Amino acid sequence: MHNLAVQNSQKITHPIEMNDHRESHINLDKYIEVQQRIIEFIKNSDTFFPKANEIRWLNLLKKLPRKLKICLLNEISFENALIALHSSDWPDEGSVVALLSNRFKTKEFDKDLHFRALNDAHYCKEEISYVEDNVTHLIIN
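Remember, predicted model here, so these are calculated numbers, not experimental data. (Residues numbered from 1 in each chain as written. Predicted model: local features only at pLDDT ≥ 70, side-chain atom pairs only at ≥ 80, totals over all residues. Heavy atoms only, no water.)

Draft legend 1. The arrangement of the overall build of the protein chain in detail. Looking only at helices and strands, one finds three helices and eight strands in the protein chain. Put simply, the protein chain runs from its N terminus to its C terminus through helices and strands in the order β-β-β-α-α-α-β-β-β-β-β. Looking at the protein chain as a whole, 41% of its 141 residues are labelled buried. Across the protein chain, the fraction of contacts at a sequence separation of at least 24, relative to all contacts at a separation of at least 6, is 47%. Summing over all exposed atoms, the protein chain offers an accessible surface of approximately 8,500 Å²; the carbon and sulfur share of this is 48%. (Helix = DSSP H or I, 4+ residues; strand = E, 2+ residues; numbered from the N terminus. Buried < 20%, exposed > 50% of the residue type's maximum accessible area, 1.4 Å probe, protein only. Contact = heavy atoms within 4.5 Å. Areas by Shrake-Rupley, 256 points an atom, 1.4 Å probe, with all protein chains shown as cover.)

Here it is in structure tokens:
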């Protein structure tokens, strides 16, 4: 597995791991500045100008369906930080999984989103899924 590094404006290094199957895992800072940039991207993706260190997570965030981006926007606005994005072709080829720092603050979701409380120590506490073009995308905590 290859290790690359992403640095934020405060020079803290975060691993990006990639293998030959283009699996990636990107850790994001909980810092308010980073979370505000995520909100800015979701709200203004057509006019958002990324910093060099944001390109990799933006590419994954772009793959999330709009309904999940709106859910993420709500959670971040409630100070539930987006801390990681994964794309490892699980549960489907092309799936993106977003990891939040805490349980969902939102209690009512769009009718097309599927919520599950799992409390599984090996997977996650809660999961929201959405299927678009036969690909399941997830937000977990």
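That was the structure; now back to the text.
Draft legend 2. Just the side chain of N141, in detail. Secondary-structure assignment places N141 in the segment after β8 (135–140). At 3.3 Å, the side chain of N141 forms a polar contact with the backbone oxygen of N102. Every residue in contact with N141, bar those within four places of it in the chain, is listed here: L99, L100, N102, R103, F104, C124, K125 and E126. (Polar contact = N/O pair within 3.5 Å; in protein donor to acceptor, adjacent residues only side chain to side chain.)

Draft legend 3. Structural detail: the pattern of salt bridges. Scanning the entire structure with this criterion turns up eight salt bridges. Notably, a salt bridge pairs D110 with K67, separated by 3.4 Å at the nearest N-O pair. With D110 in the loop between β5 (97–100) and β6 (114–117) and K67 in helix α3 (residues 66–77), the pair connects residues that are 43 residues apart, well separated along the chain. Of the residues examined, K67 reaches a relative accessible area of 25% and is grouped as partly exposed. Among the ionic pairs, D112 bridges to K111, the shortest N-O distance being 3.6 Å. Judged by relative accessible area, which is 35%, D112 ranks as partly exposed. One salt-bridge network, in which partners are shared between bridges, spans K67, D110, K111 and D112. (Salt bridge = Lys/Arg side-chain N within 4 Å of Asp/Glu carboxyl O.)

Draft legend 4. Examining the nonpolar core more closely. In terms of nonpolar packing, the biggest core is built from 28 residues, with I38, W57, L61, L72, L82, L85 and I139 touching the most fellow members. Elements with a contribution of two residues or more to this core: α1 (32–43), α2 (55–63), α3, β4 (82–87), β5 and β7 (126–132). Residues within four places of I38 in sequence aside, it is in contact with L28, W57, L61, I76 and L82. (Core = buried A, V, L, I, M, F, W, Y, C linked by side-chain atoms within 4.5 Å.)

Draft legend 5. Quick peek at α1. With 12 residues, α1 ought to run about 16 Å at 1.5 Å a step, and its terminal C-alpha atoms sit 16 Å apart, in line with that. Here α1 has its buried residues at V34, Q35, R37, I38, I39, F41 and I42. Against the buried residues of α1 lie α2, α3 and β4. (Expected span 1.5 Å × (residues − 1).)

Draft legend 6. Molecular detail of the environment of L28. Topologically, L28 is positioned in the loop between β3 (24–27) and α1. Residue L28 is classed as buried on the basis of its relative accessible area of 8%. Distance in space between the C-alpha atoms of L28 and W57 is 8.2 Å, their sequence separation being 29 residues.

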